[in-house]
Amino acid sequence: MMKTIIAAYSGVLRGTGSSILSALQDLSWLSKSKVEKQLQIISVLQWVLTFLVMGVACTVILMYILCTDCWLIAAVYLAWLVFDWNTPKKGGRRSQWVRNWAIWRYFRDYFPVRLVKTHNLLTNRNYIFGYHPHGIMGLGAFCNFSTEATGVGQKFPGIRPYLATLAGNFRMPILRDYLMSGGICPVNRDSIDYILSKNGSGNAIVIVVGGAAESLNCTPGKNSVTLKNRKGFVKLALRHGSDLVPVYSFGENEVYKQVIFEEDSWGRWVQKKFQKHIGFAPCIFHGRGLFSSNTWGLLPYPKPITTVVGEPITVPKIDHPSQREIDFYHCLYVSALIKLFDKYKTKFGLPETEVLDIN
């Protein structure tokens, strides 16, 4: 049995899903469907733990190693960290090998996650994708644009997606390298300016426009986005002449249940303070348990997530756009997002009467 498990684990490292299944199927008491389901759970659990605790855990471990006889290992890594500090701001260090790991295909199949292409994207242009809604963890954004599990590279050949996330994540040892390997970059002006102006063409920055504020209101059955006063991404698009692409992920809000605090409650006050000073808002949420779907836990509920990439909006290059120009293209973007939502909502389980709330 131990040889079988070792063989399965080696398949994960090599990115060969078939070797995982063939090895584990040697255990006669496991059926193929059960093996696949357990691998799907493991793949999602590792990302949830990465999202929640990997940065802090790696920092603590590194500090601990500094106090042991193996301090030289930690010292060498810290020296490398100082040398490599600005790499996330310069496009990062993506790895096609990591993006093609078999574990991401099991991650995809757990929900499942699907990517829908509606229009071709020209490789001689750069793009800013506005991703909606945020959800609790942006699981659809990660699976579709930071891995090749849903075939983003095949559906949009010549386009390099960069999922933008909190800059603070790139100050965490080990976590920063793991994120960069998937093509994830800091959502700050330096990073976005570099990718859109000094990294050639065919780049697509994926920005979860609603951010932490939107995550506070996500709950199953609710389709609302925080967008009315979010215009910074439009200004960036104008300054670089990058086309705007609306993206809506049906089902993103369905995978976790959350306690929603009223606007004037102490809970919402605490969340807003965290959001203002740290950059993220702590949410009280739950999914299913590790061993049973009838218990509470950190695993998301296995609900379908379908991400639809809309039609690009051609944006001119204006070095110093006026507020009127920003408002004009923001209005075009909001209209395009609503149109995208209305066109595909009935195809993915929503009634014809469902309306997308713009907050």
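Because the structure is predicted, anything quoted here is derived from the model rather than measured. Every chain begins its residue count from 1, and numbering advances along the sequence as written. Under the rules for a predicted model, residues below a pLDDT of 70 receive no local features and side-chain atom pairs below 80 are neither given nor counted, while totals for whole chains, interfaces and linings still include all residues. Excluded from the side-chain calculations are hydrogens and water; all other atoms, namely the structure's heavy atoms, are used.

**Points about the overall build of the chain**
Only DSSP runs of H or I with at least four residues qualify as helices, and only runs of E with at least two residues qualify as strands; both kinds are numbered from the N terminus onward. Counting its secondary structure elements, the chain contains 14 helices and twelve strands. The C-alpha extent of the chain, read off along each of the three principal axes, is 65 × 50 × 50 Å. Only protein chains enter the accessibility calculation, which uses a 1.4 Å probe; a residue whose area is less than 20% of its type maximum is buried, one above 50% is exposed, and one in between is partly exposed. Taking all 359 residues of the chain together, the buried fraction comes to 50%. Across the chain, the fraction of contacts at a sequence separation of at least 24, relative to all contacts at a separation of at least 6, is 76%. Accessible surface is estimated by sampling points in the Shrake-Rupley manner with a 1.4 Å probe; for residues, cover comes only from the protein chains shown. In the structure as shown, the chain presents an accessible area of about 17,700 Å², 61% of it carried by carbon and sulfur atoms. By the convention used here, residues are in contact when the closest approach between their heavy atoms is within 4.5 Å.

**As for the UniProt feature "transmembrane region" (unreviewed entry) in the chain**
Under the UniProt annotation, "transmembrane region" (unreviewed entry) lies at residues 44-65. As annotated, residues 44-65 has a helix share of 100% and a strand share of 0%, and its two end C-alpha atoms lie 28 Å apart. UniProt positions are given in the numbering used here, feature names are shortened, and annotations may be inferred rather than shown by experiment.

**Concerning the environment of P88**
Inspection of the secondary structure puts P88 in the loop between α4 (71-83) and α5 (96-99). When its relative accessible area of 3% is taken as the criterion, P88 is described as buried. Spatially, the C-alpha atoms of P88 and F170 are 7.1 Å apart, while their sequence positions differ by 82 residues. When near neighbours in sequence (up to four residues on either side) are disregarded, P88 contacts F170, R176, M180, C185, P186 and S191.

**A closer look at the side chain of N253**
If you trace the backbone, N253 turns up in the loop between β7 (243-250) and β8 (257-258). Judged by its relative accessible area of 5%, N253 is buried. Among the polar contacts made by the side chain of N253, one reaches the main-chain carbonyl oxygen of K222 at a distance of 2.9 Å. If we skip the residues at most four places from it in the chain, N253 touches P133, G135, C218, T219, P220 and K222. Definition of a polar contact: a pair of N or O atoms within 3.5 Å, with one able to donate and the other able to accept a hydrogen when the atoms are protein atoms, and with sequence-neighbouring residues admitted only if both atoms are side-chain atoms.

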